[in-house]
Amino acid sequence: MVDNRLLCVIARGVASPARLLESIGWEVCAISDSRLLPEASARGRCRVGLVIGRGLDDAACAELDALLRDHAGIEWVGAFDAASLSLPACRDLIFEHLFDHHSLPLDMERLRVTLGHAHGRGLLRQGRTQPARHDNSPLIGCSDARAQLLQQVRRIAKVDAPVLISGESGSGKELAARAIHEGSARAAGPLVTVNCGAIQPTLVQSELFGYVKGAFTGAVRDKRGFIEAANGGTIFLDEIGDLPLDMQINLLRFLQEGTVNRVGSTQPMPVDVRVIAATHINVEQAVAAGKFREDLFYRLNVLSLHVPPLRERRRDVAVLAQHFFEKFSTEKQASVKGFSQRAMRAMDAYAWPGNVRELINRVRRAMVMSDGRLITAADLGLPESEVRKPPERLDASRMRAEREAIQAALQQAGNNVSHAARELGVSRITLYRLMAKHGLAH
Ligand SMILES: Nc1ncnc2c1ncn2[C@@H]1O[C@H](COP(=O)(O)OP(=O)(O)OP(=O)(O)O)[C@@H](O)[C@H]1O
């Protein structure tokens with residue numbers, strides 16, 4: 001991977017950054033003038049950048065802010081002195097643009113590890129910039145869970161049996177039902193969606209099965225129900241767990257016989273409808289509690305599909321957020337240009353109890369509320385999350401453990417190398433060699 005280990009360095013207040021970074025093991029491309037940066041990154045090999053700043057002021061931070069914003073495709077790491085770090089503008093830089101930051105003077109070993117992680121992240125980012133949309137599915141995402149879901153949807157669409165979709169509210173059950181219908185042989189027929197929980201219990205029967213003139217007061221003419229309206233297509237019964245028990249038996253009869261009886265009529269009417277039901281409750285538990293008919297459960301659950309909650313497919317979060325950001329940007333002339341790194345981290349860390357629906361609402365609201373160029377975690381109404389450090393590489397942790405053990409042994413032995421070597425179980429010569437390796441002067 002040597003060919004990609006080019007480090008673009010912008011230094012402010014540091015005389016010779018290339019010399020400072022001699023031992024880093026990367027090819028260093030020091031940029032003295034911001035106009036040279038596009039040229040350097042255009043060489044296409046530069047995935048990681050390092051900003052070194054000593055004695056920064058607000059103007060220098062503003063210049064760096066513009067520069068980093070223009071080169072957001074590079075994973076930037078920062079290194080600043082304590083005075084710069086105390087500046088709010090410098091802290092904003094860190095949170096808006098940087099993958100990680102260090103304080104000066106540099107700990108070369110730590111920096112080498114961070115740059116390695118930044119490089120790895122750059123590679124990952126390359127693979128995920130475009131959401132997996134080549135399949136033309138309305139289900140946006142790039143996680144393995146979403147790929148599996150699509151595969152199941154395709155299989156289920158090929159057969160004509162009833163389907164029971166489970167999943168938390170807002171996770172995309174209705175969207176999955178639509179995808180099944182649209183991928184099935186019934187795609188040219190209607191898709192009728194009924195929210196069973198939203199219909200008054202007294203009206204469920206007439207809404208689902210229809211009625212004939214004179215069936216009850218107000219039935220002034222014949223009316224077909226939702227099931228008949230879906231003839232030749234699919235009926236999607238959302239929140240099936242809310243269907244009253246006495247209605248469940250009628251639905252079961254329809255599933256068994258393929259006919260409906262309008263209220264007030266004894267004439268069964270054949271209908272050709274595929275049923276897809278969905279619920280956010282655990283139907284097996286509802287069956288055990290006597291709230292859902294077991295026979296209906298088995299009749300509906302011929303094919304089952306589970307839509308995982310968003311927190312179990314975190315890789316979809318950024319892609320979905322970006323998708324809806326772009327969608328709403330075209331709806332109205334938005335001044336916001338995207339999400340800040342901090343906002344991305346906050347979304348990544350959040351549990352999304354309301355799933356995709358909640359994400360859509362938060363993005364839409366943030367686009368209205370934001371008064372900056374980038375959406376912040378606060379605009380999204382999310383708590384700021386700590387920077388999640390990637391796990392340390394094994395060789396780096398071995399090095400760190402070795403150095404710490406030597407330092408501790410030397411300290412305990414009052415810097416007596418022979419004593420420390422004995423405590424560590426190595427020869428004096430070996431300890432001298434190790435001390436030199438870790439830059440521990442005696
Ligand atoms: N993978 C996805 N890609 C794009 N949009 C999605 C995705 N999943 C869900 N949505 C959108 O999120 C919103 C909620 O999804 P949907 O209505 O399908 O959820 P649900 O599980 O049926 O919710 P409920 O149980 O509350 O009815 C919808 O606007 C839907 O279009």
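Refer to the structure printed above.
We now turn to the structure provided with this report.

Conventions adopted
Residues numbered from 1 in each chain as written. Predicted model: local features only at pLDDT ≥ 70, side-chain atom pairs only at ≥ 80, totals over all residues. Heavy atoms only, no water. Near = heavy atom within 4 Å. Polar contact = N/O pair within 3.5 Å; in protein donor to acceptor, adjacent residues only side chain to side chain. Areas by Shrake-Rupley, 256 points an atom, 1.4 Å probe, with all protein chains shown as cover. 1 Å grid on protein atoms, 1.4 Å probe; cavity = no way out; pocket = protein on both sides within 12 Å on 5 of 7 lines; lining within 4 Å. Sits in = over half its atoms within 2 Å of the grid points. Helix = DSSP H or I, 4+ residues; strand = E, 2+ residues; numbered from the N terminus. Nonpolar A, V, L, I, M, F, W, Y, C, P; charged D, E, K, R; others polar. Buried < 20%, exposed > 50% of the residue type's maximum accessible area, 1.4 Å probe, protein only. Pairing = 2+ DSSP bridges. Points joined across faces, edges and corners; volume = space filled by probe spheres on them. Phe/Tyr/Trp six-rings, centres within 6.5 Å; stacked < 30°, edge-to-face > 60°. Lys NZ or Arg CZ within 6 Å of the ring centre and 35° of its normal. Axes fitted to C-alpha atoms, helices over the stretch in contact; angles between N-to-C directions. Parallel < 35°, antiparallel > 145°, perpendicular 65-115°, else oblique. Contact = heavy atoms within 4.5 Å.

1. With respect to the site of the ligand
Here is step 1 of the chain: Within the structure, the ligand sits among 18 residues, and Ile-140, Ser-169, Gly-170, Lys-173 and Arg-357 are positioned closest to it.
Here is step 2 of the chain: Ser-171 is positioned with one of its backbone polar atoms (N or O) 3.2 Å from an oxygen atom of the ligand.
Here is step 3 of the chain: Asp-238 places a side-chain nitrogen or oxygen 3.0 Å from an oxygen atom of the ligand.
Here is step 4 of the chain: Bound to the protein, the ligand loses 84% of the 630 Å² it would expose on its own.
Here is step 5 of the chain: Comparing atom positions with the cavity grids shows the ligand to sit within the second largest pocket.
Here is step 6 of the chain: Residue assignment for the shell around the ligand shows that the elements contributing at least two residues are α8 (173-183), α14 (315-331) and α16 (355-369).
Here is step 7 of the chain: Here the shell around the ligand is built from residues that sort into eight nonpolar, four polar and six charged.

2. Quick notes on the pairing of strand β1 (residues 6-12)
Here is step 1 of the chain: For β1, the tally of buried residues reaches seven of seven residues, placing the bulk of the element in the interior.
Here is step 2 of the chain: Both faces of β1 are covered, namely the face carrying Leu-6, Cys-8, Ile-10 and Arg-12 and the face carrying Leu-7, Val-9 and Ala-11.
Here is step 3 of the chain: Relative to strand β3 (residues 48-53), β1 runs parallel, the two sharing six bridges. Directly across from Arg-12, in β3, lies its bridge partner Gly-53.

3. Quick notes on unusual backbone geometry
Here is step 1 of the chain: A cis geometry characterises the amide bond from Leu-104 onward to Pro-105, with omega recorded as 0 degrees.
Here is step 2 of the chain: Position of Pro-105 among the secondary structure elements: in the loop between β5 (98-103) and α6 (108-128).
Here is step 3 of the chain: Its identity is not glycine, yet Glu-239 carries a phi of approximately 50 degrees, on the positive side.
Here is step 4 of the chain: With respect to the helices, strands and loops of the structure, Glu-239 is situated in the loop between β8 (234-238) and α11 (245-257).
Here is step 5 of the chain: Residue Glu-239 is classed as buried on the basis of its relative accessible area, which comes to 14%.

4. Observations regarding the layout of surface pockets
Here is step 1 of the chain: There is about 440 Å³ of room inside the second largest pocket.
Here is step 2 of the chain: Mapped onto the lining of the second largest pocket, the elements with two or more residues apiece are α7 (144-158), α8, α14 and α16.
Here is step 3 of the chain: Here the residues of the lining of the second largest pocket sort into nine nonpolar, five polar and eight charged.

5. Description of the packing of aromatic side chains
Here is step 1 of the chain: Taken as a whole and judged by the stated rule, the model has five aromatic pairs.
Here is step 2 of the chain: Summarising the aromatic geometry, the rings of Tyr-211 and Phe-216 are spaced 4.9 Å apart at their centres and angled 65 degrees between planes, so their arrangement reads as edge-to-face.
Here is step 3 of the chain: On the basis of relative accessibility, which here comes to 35%, the residue Phe-216 falls in the partly exposed class.
Here is step 4 of the chain: Taking the centre distance of 4.7 Å and the plane angle of 85 degrees together, the rings of Tyr-350 and Trp-352 count as edge-to-face.
Here is step 5 of the chain: One Lys or Arg, Arg-342, reaches over the ring of Phe-95 and ends 3.4 Å from the middle of that ring.
Here is step 6 of the chain: Over the aromatic face of Phe-328 sits the side chain of Arg-364, whose NZ or CZ is 4.1 Å from the ring centroid.

6. Points about the packing of helix α18 (residues 417-424) against helix α19 (residues 428-437)
Here is step 1 of the chain: Contact geometry for α18 and α19: axes closest at 9 Å, N-to-C directions at 95 degrees. It follows that α18 is roughly perpendicular to α19 by the angle criterion. Seen from α18, the contacting residues are Val-417, Ser-418, Ala-420, Ala-421 and Leu-424; seen from α19, they are Arg-428, Leu-431, Tyr-432 and Met-435.
Here is step 2 of the chain: Along the lines of polarity and charge, the residues of the contact of α18 with α19 split into seven nonpolar, one polar and one charged.

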